[in-house]
Amino acid sequence: VLAIPLAAQTVAKKSAEQMQKSYEAHKGDFDYLLGDWAFTAKSREFGEFKGFWSAVRLSEGQILDEYSVVGEKNETVYVTTTIRNYNGAADQWELIGMDRANGLQDSGTGRRVGAEMRLEQRFGVVQGTPRTLRIRYYDIQNDRFSWAADRSDDGGKSWIENFQTIEARRIGKPRTMEPLARPR
């Protein structure tokens with residue numbers, strides 16, 4: 001049985017033309033994230049840390065990114081991978097994050113609001129510590145961007161502002177991945 005995401009179950013019907021028009025208007029919302037980044041971060045939970053973040057556009061327009069936290073000698077400490085896809089029927093980005101051995105766990109949605117990209121995403125469900133982050137990508141430039149997340153541990157009733165912040169700087173150019181399956 002194939003599970004249908006909740007967002008797809010509750011969306012008003014749109015024509016294929018309306019969905020394509022919505023996609024065309026928003027397909028570039030994450031273009032700034034494409035490429036390779038080095039970042040520094042501050043978290044109320046983990047303190048100060050650093051890492052690398054890479055994103056590529058897949059051949060059909062989805063964004064695949066890998067976020068890696070590294071230690072003092074650039075050894076990998078933690079990695080999460082996210083797939084981002086625009087839902088033309090719901091007129092929003094949908095994303096799902098995953099890390100080793102925890103399945104597809106960190107679901108969220110996002111929209112561009114003016115010059116910012118804003119997401120709301122749930123983390124820690126598999127570990128039994130569900131929390132919600134309101135994430136804001138802002139001050140987006142060709143060579144840098146800032147990221148801030150407010151955190152709620154009670155389903156959005158209260159928020160800890162700027163629970164985590166990231167400053168990213170570009171270290172590699174944007175790129176697109178070619179199709180994996182090609183006609184032979």
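Refer to the preceding data block for the structure.
Since the model is a prediction, treat every value here as computed from it, not as a measurement.

1. Looking at the side chain of Glu94
Line of reasoning, step 1. Relative to the helices and strands, Glu94 resides in strand β5 (residues 92–98).
Line of reasoning, step 2. In this structure Glu94 is buried but unpaired, with Arg111 as the nearest side chain of opposite charge at 8.7 Å.
Line of reasoning, step 3. Side-chain polar atoms of Glu94 contact the side chain of Asn87, separated by 2.9 Å.

2. Re the pairing of strand β2 (residues 47–57)
Line of reasoning, step 1. The sheet contact formed by strand β1 (residues 35–43) and β2 spans nine bridges and is antiparallel. Residue pairing in the sheet places Phe39 in a bridge with Gly51 of β2.
Line of reasoning, step 2. Between the antiparallel neighbours β1 and β2 lie three residues.
Line of reasoning, step 3. Pairing analysis gives eight bridges linking β2 to strand β3 (residues 63–70), with the strands arranged antiparallel. Bridge pairing in β3 places Ala55 opposite Asp65.
Line of reasoning, step 4. Linking β2 back to β3 in an antiparallel pair, the connection comprises five residues, with Gly61 at a positive phi of about 105°.

3. Considerations on the packing of aromatic side chains
Line of reasoning, step 1. Throughout the structure, instances matching the rule amount to 14 aromatic pairs.
Line of reasoning, step 2. Both rings, one in Phe39 and one in Trp53, keep their centres 6.3 Å apart while their planes meet at 75°; by these two values the pair is edge-to-face. Of this pair, Phe39 sits in strand β1 while Trp53 sits in strand β2; the two residues are 14 residues apart in sequence, bridging distant segments of the chain. Across this residue pair, the class does not change: Phe39 and Trp53 are buried.
Line of reasoning, step 3. Between Trp53 and Tyr137 the ring centres are 6.1 Å apart and the planes differ by 45°, which places this aromatic pair in the tilted class. You can see Trp53 sitting in strand β2 and its partner Tyr137 sitting in strand β8 (residues 131–138), a full 84 residues away along the chain. Taken as a pair, Trp53 and Tyr137 share a single burial class, namely buried.
Line of reasoning, step 4. Each residue in the set Phe30, Tyr32, Trp37, Phe39, Phe49, Trp53, Tyr67, Tyr86, Trp93, Tyr137 and Phe145 is aromatic and connected to the rest through ring pairs, giving one cluster.
Line of reasoning, step 5. Note that Arg84 overlies the ring of Phe30, its terminal NZ or CZ placed 4.7 Å from the centroid.
Line of reasoning, step 6. Over the face of the ring belonging to Trp159 we find Arg134, whose NZ or CZ atom lies 3.9 Å from the ring centre.

The rules behind each value
- Residues numbered from 1 in each chain as written.
- Predicted model: local features only at pLDDT ≥ 70, side-chain atom pairs only at ≥ 80, totals over all residues.
- Heavy atoms only, no water.
- Helix = DSSP H or I, 4+ residues; strand = E, 2+ residues; numbered from the N terminus.
- Buried < 20%, exposed > 50% of the residue type's maximum accessible area, 1.4 Å probe, protein only.
- Lys, Arg positive; Asp, Glu negative; His and termini not counted.
- Salt bridge = Lys/Arg side-chain N within 4 Å of Asp/Glu carboxyl O.
- Polar contact = N/O pair within 3.5 Å; in protein donor to acceptor, adjacent residues only side chain to side chain.
- Pairing = 2+ DSSP bridges.
- Phe/Tyr/Trp six-rings, centres within 6.5 Å; stacked < 30°, edge-to-face > 60°.
- Lys NZ or Arg CZ within 6 Å of the ring centre and 35° of its normal.

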